[in-house]
Amino acid sequence: MQRSKNDVWVGLFVVIGALAMVFLALQSANLLSLSFQSTYRVTAKFDNVGGLKPKSAVRSGGVVVGRVEGITFDDKTFQARVALALENRYAFPKDSSLKILTSGLLGEQYIGMEAGADAANLVAGDTISATQSAVVLENLISQFLYSKAADGPAPDKDKK
Amino acid sequence: MSWYQPSEIGFAVRCKLADIGRGARLFVKLLTLMGASFKRFGLVRDQIHFLGNYSLAIITVSGLFVGFVLGLQGYYTLQRYGSSEALGLLVALSLVRELGPVITALLFAGRAGTSLTAEIGLMRAGEQLSAMEMMAVDPVQRILAPRFWAGVITMPLLAAVFSAVGIIGGWAVGVWMIGIDAGAFWSQMQGGVDVWNDVGNGVIKSVVFGFTVTFIALQQGFEAQPTPDGVARATTRTVVVSSLSVLGLDFILTAMMFTI
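All figures in this text were calculated on a predicted structure; none of them were measured in a lab.

Reading guide: rules and limits
- Residues numbered from 1 in each chain as written.
- Chains lettered and ligands numbered in written order.
- Predicted model: local features only at pLDDT ≥ 70, side-chain atom pairs only at ≥ 80, totals over all residues.
- Helix = DSSP H or I, 4+ residues; strand = E, 2+ residues; numbered from the N terminus.
- Buried ≥ 20, exposed ≤ 12 C-beta atoms within 10 Å, placed from the backbone.
- Contact = placed C-beta atoms within 7 Å.
- Expected span 1.5 Å × (residues − 1).
- Core = buried A, V, L, I, M, F, W, Y, C linked by C-beta atoms within 7 Å.
- Bend = angle between axes of the 7 residues up to and from the residue.
- Nonpolar A, V, L, I, M, F, W, Y, C, P; charged D, E, K, R; others polar.

Novice: What's the story with the overall build of chain A in this structure? I'm lost.
Specialist: Helices and strands together make up the secondary structure of chain A, namely 2 helices and 8 strands. When the elements of chain A are put in sequence order from the N terminus, they spell out α-β-β-β-β-β-β-β-β-α. Within chain A, the proportion of its 160 residues that are buried is 20%. Taking the intrachain contacts of chain A between residues at least 6 apart in sequence as the baseline, contacts between residues at least 24 apart amount to 64%.

Here is the structure:
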């Protein structure tokens, strides 16, 4: 094929476009942080998963140690069954407990994992039952109102 | 006066159907000529130079300013909810998913599509295309196909440049002007933008728009009336039809990609 002076400029243009795509993939979507670690799968049962979604993080001590793989409903126990993929390099005692937490006030929800004291570690296929559900704002408010009502009529200090 | 007569309606429908048929045949022919045009890549390369390099300036500058404006407007809304750190996420998602492909396609239609239509319309008016046919050179293969594939290659690259420059613009406004923490800006963005679902689908969109805009421009030029007036109208139609198709297709693509 014939060479032409356009070659340089076309090459430059393609390189700039490719760089832009790489920039989008790496800098904005952070492709590198996708872990290609091999994982093991455990399940956990929650009464209420709140706004948890597949791919939400599982953190222990603030460090991401795994991801939520899927959330299904178990119609035997009427609980949510959450499948977790934990990274192989991290081992946790069998009696570790899970909590659904929120990052920031309005941030997304993630699972906080607290290590237990059992000598045996979790292995693939285990089920974690020590869980704490997501905080539902409506329940909190109604609990607050009921406890207020249970206290009896408010002391009439602001009566004139 | 006689538009309501059955024969007129029938004729109009027949003309439209013939138009659609010719357009579809041209499109399929351009698709099948992919191998032939890549075999003579010199032609495609010159067209990429013409469509891509010369559009780079307008794309970069518009991307930068769109990023600036997104940064300012996004901050205005987000700071009401005390989550101005999410500015990076807002700018990146709106650019990568929507504004990058769509605005690039609109600018591309105005900058490159019109020149394609005018060039080919003038070739048609000057009977250059007929002359090629006389010499047993297929004008679709020699003239249209390289431009078509050049446009298809160029469009996603331009859209990526637009989004990347826009994100840098949003970063400049957010971090330098407003004073959002740079770490939060990037980490919120990286936490919320998915490589395949957001960036990948944006690229798919821009490829589809590349097909759409380039094809409409070429077809309008190819079918233009061979008069100065006809070329002028074809050029106008290129902008109108491709802008509308891009916006309509964008809705359909978004509905397909992000709701399922």
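There is more to say after this.
Novice: How do you make sense of the overall build of chain B when you look at a structure like this?
Specialist: Along the backbone of chain B there are 9 helices and 0 strands. Walking chain B from its N terminus toward its C terminus, one meets helices and strands in the order α-α-α-α-α-α-α-α-α. Overall, the C-alpha framework of chain B stretches about 65 × 50 × 35 Å when taken along its three principal axes. Counting across all 260 residues of chain B, residues that qualify as buried make up 43%. Taking all contacts inside chain B whose residues are at least 6 apart in sequence as the whole, residues at least 24 apart take part in 86%.

Novice: Even after reading the chapter, I still don't get helix H2 (residues 137–150) of chain A, so can you show me in this structure?
Specialist: Each turn of an α-helix holds 3.6 residues, which means side chains three or four residues apart point in the same direction. Taking 1.5 Å of rise per residue, the 14 residues of H2 of chain A would be expected to cover 20 Å, and the 20 Å separating its terminal C-alpha atoms lies within 8% of that figure. Directly beyond the C-terminal end of H2 of chain A, a positive phi value near 90° is found at Gly 152 of chain A.

Novice: Teacher, can you tell me more about unusual backbone geometry here?
Specialist: Where the residue is not glycine, phi is negative for most of them; where a peptide bond is considered, it is trans in most cases. All names here are of chain B. With phi around 60°, Glu 127 is a residue other than glycine that occupies positive phi space. Although it is not a glycine, Ala 136 sits at a positive phi angle of roughly 60°. Considering the arrangement of structural elements, one finds Ala 136 in the loop between helix H5 (128–134) and helix H6 (139–178).

Novice: Mind showing me how you'd approach the nonpolar core here?
Specialist: Most often, soluble globular proteins keep nonpolar side chains buried together rather than apart. Ranked by size, the top nonpolar core spans 67 residues in total, and within it Ala 92, Ala 105, Phe 148, Leu 158, Val 161, Val 213 and Leu 218 of chain B carry the most contacts. Put simply, the parts of the chain that give this core at least two residues each are helix H1 (6–28) of chain A together with helix H3 (41–78), helix H4 (87–125), H6, helix H7 (182–192) and helix H8 (195–222) of chain B. If one sorts the elements of this core by residue count, H6 of chain B sits on top with 19 residues. Those residues in contact with Val 161 of chain B that lie beyond four places of it in its chain are Ile 16, Gly 17 and Ala 20 of chain A together with Leu 56, Ile 59, Thr 60 and Gly 63 of chain B.

Novice: Honestly, H3 of chain B in this entry has me stumped. Any pointers?
Specialist: If you check H3 of chain B, its first and last C-alpha atoms are just 48 Å apart, much less than what 38 residues at 1.5 Å a residue would give, namely 56 Å. Roughly 40° is the biggest bend found in H3 of chain B, and it falls at Leu 56 of chain B.

Novice: Explanation requested: the interface of chain A and chain B in the structure shown.
Specialist: Frequently, the measure chosen for interface size is the accessible area removed from exposure when the parts meet. Across the contact, 22 residues belong to chain A and 26 residues belong to chain B. Split by residue class, the side of chain A that touches chain B holds 14 nonpolar, 7 polar and 1 charged.

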